[in-house]
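Topology and contacts: notes
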Amino acid sequence: MKKRVLIIIASVLAALAVVTGVYLGSYYRAENVGAYLESGDAVDVREIKEGYFFDGKGEDKALIFYPGANVEETAYAPLMKALAEQGVDCFLLRMPLRHAFAGMNKADRIIKEYKYTDYYLAGHSLGGAIAANYCAKHTDEFSGLFLLAAYPSEDISKAQFPVVFIYGENDGVLNRQRLEKGFTLVPEDYKVIEIKGGNHSGVASYGEQRGDGKAEITAGEQQKETVKAIIESIERKD
């Protein structure tokens with residue numbers, strides 16, 4: 001009897017190992033981002049314990065970014081580097097198992113170790129939802145929240161900073177009903193920016209995502225519009 005139990009346990013563990021291996025291997029990989037991970041005259045890019053630090057010309061503003069689920073974090077390097085070039089240093093977080101829910105509090109260490117006058121929080125898809133929920137518990141530490149094809153599930157309506165929703169017109173992954181619900185959980189002066197021709201995966205550089213709509217602009221163009229929206233919001237606050 002004992003031997004049978006041990007065999008069953010061993011079989012279950014082996015099955016779990018196979019499933020875990022398949023799961024960890026099935027994620028969206030970054031495409032053509034090598035140049036964006038290299039330092040240049042305008043931005044110093046370096047790998048840190050929490051992910052990647054894009055250190056640009058700015059000194060007082062920084063943005064902490066939560067990547068989408070099952071997406072290699074470096075897929076967001078073009079977005080981060082472009083923001084850093086515009087004066088907002090960026091921290092691109094690397095999440096356990098490529099899921100932000102497993103690393104929701106990783107921003108803690110960044111805020112503790114790096115001293116900036118203004119911190120902004122942002123995230124894409126599930127990463128944005130987790131960032132919003134983290135923000136709900138740390139409203140005093142941020143000067144703005146940017147939700148890229150994302151929405152909150154916790155009430156942050158008392159926050160004293162701008163909340164900006166940015167998503168593509170043709171996004172086939174974003175749940176519009178939950179997005180509408182999310183509008184009721186943020187301060188009344190929130191802003192919505194719909195990028196014409198954009199979709200869900202165009203926020204980053206990882207190819208087409210299953211279930212997404214057809215983009216009518218390139219990922220590079222969508223990222224440029226996203227950077228423009230974020231920078232304009234930050235400058236408006238100033």
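Residues numbered from 1 in each chain as written. Predicted model: local features only at pLDDT ≥ 70, side-chain atom pairs only at ≥ 80, totals over all residues. Heavy atoms only, no water.

Description of the pattern of salt bridges
How we decide: Basic side-chain nitrogens of Lys or Arg form a salt bridge, by our definition, when they fall within 4 Å of a carboxyl oxygen of Asp or Glu. Counting from the N terminus, the helices are DSSP H or I runs at least four residues long and the strands are E runs at least two residues long. Residue burial is assigned from relative accessible area. The probe radius is 1.4 Å, only protein chains are included, and a residue is buried under 20% of its type maximum, exposed over 50%, and partly exposed in between.
Under the criterion given, the structure shown has eight salt bridges. For Arg-46, the salt bridge goes to Asp-44, with nearest N and O atoms at 2.5 Å. A salt bridge links Lys-137 to Glu-154, with the nearest nitrogen and oxygen atoms 3.1 Å apart. Separated by 17 residues along the polypeptide, Lys-137 in the loop between helix 4 (126-136) and strand 6 (144-148) and Glu-154 in the loop between strand 6 and strand 7 (163-168) bring together distant segments of the chain. For Glu-154, a relative accessible area of 31% corresponds to the partly exposed category.

A look at the environment of Ile-195
To be explicit about the condition: Contacts between residues were defined by any pair of non-hydrogen atoms, one from each residue, lying within 4.5 Å.
Position of Ile-195 relative to the elements: it lies in strand 8 (residues 191-195). With 31 residues separating them in the primary sequence, Ile-195 and Thr-226 have C-alpha atoms 7.9 Å apart. With sequence-adjacent residues up to four places away left out, Ile-195 is seen in contact with Ile-166, Tyr-167, Gly-168, Glu-169, Ile-217, Gln-222, Glu-225 and Thr-226.

Here we look at the packing of aromatic side chains
Using the following cut-off: A pair of aromatic rings is counted whenever rings of Phe, Tyr or Trp (Trp by its six-membered ring) have centres within 6.5 Å, and the orientation is called stacked for planes under 30 degrees apart, edge-to-face for over 60 and tilted otherwise. Whether a charge sits over a ring comes down to the Lys NZ or Arg CZ being within 6 Å of the ring centre and within 35 degrees of the ring normal.
One pass over the full model with this rule turns up 13 aromatic pairs. Plain terms: the ring middles of Phe-65 and Tyr-76 are 5.0 Å apart, the flat faces sit at 45° to each other, and that makes the pair tilted. A residue pair is termed long-range when its members are at least 10 positions apart, and Phe-65 in strand 3 (residues 61-66) and Tyr-76 in the loop between strand 3 and helix 2 (77-85) qualify at 11 residues. Three or more aromatic residues joined by ring pairs make a cluster, and in this case those are Phe-53, Phe-91, Tyr-114, Tyr-116 and Tyr-119. The ring of Tyr-27 is capped by Arg-29, whose NZ or CZ atom sits 4.2 Å from the centre of that ring. Geometry around Tyr-27 places Arg-98 over its ring, the cationic atom sitting 3.6 Å from the centre.

Some details on the environment of Gly-168
Examined against the element boundaries, Gly-168 turns out to sit in strand 7. With 30 residues separating them along the chain, Gly-168 and Gly-198 place their C-alpha atoms 3.9 Å apart. Ignoring anything within four residues of it in the chain, the contact list for Gly-168 reads Arg-176, Glu-194, Ile-195, Gly-198, Asn-199 and Gln-222.

Comments concerning the sheet that holds strand 4 (residues 89-93)
Spelled out, the test is: Only when DSSP finds a minimum of two bridges between them are two strands counted as paired. Here an angle of 0 to 180 degrees is reported between the N-to-C directions of two axes, which are lines fitted to C-alpha atoms, with helices fitted over the stretch in contact.
In space, the eight strands of this open sheet follow the order 1-2-4-3-5-6-7-8, with mixed pairing throughout. Two strands close off the open sheet at either side, each with one partner strand: strand 1 (44-48) and strand 8. Geometrically, the sheet is characterised by an average inter-axis angle of 15° between neighbouring strands, direction not taken into account. Relative to the sheet, helix 5 (residues 176-183) contacts strand 7 and strand 8, its axis offset from that of strand 7 by approximately 165°.

Some words on the nonpolar core
For clarity, the cut-off: In these notes, a set of buried Ala, Val, Leu, Ile, Met, Phe, Trp, Tyr and Cys residues joined through side-chain atoms within 4.5 Å is what counts as a nonpolar core.
Ile-64, Tyr-66, Phe-91, Tyr-119, Leu-121 and Phe-142 are the most contacted members of the largest nonpolar core, which has 37 residues in total. If you list the elements that add at least two residues to this core, you get strand 3, strand 4, helix 3 (107-113), strand 5 (118-124), helix 4, strand 6, strand 7 and helix 5. When residues in this core are grouped by element, the largest group, five residues, is from helix 4. Within the second largest apolar cluster, 33 residues are counted, among which are Leu-63, Leu-83, Ile-195 and Ile-231.

Focus: unusual backbone geometry
One non-glycine residue, Asn-32, lies in the positive phi region at around 55°. As for its position among the elements, Asn-32 is in the loop between helix 1 (2-25) and strand 1. Non-glycine residue Ser-125 carries a positive phi angle of around 55°. Mapped onto the fold, Ser-125 is located in the loop between strand 5 and helix 4.

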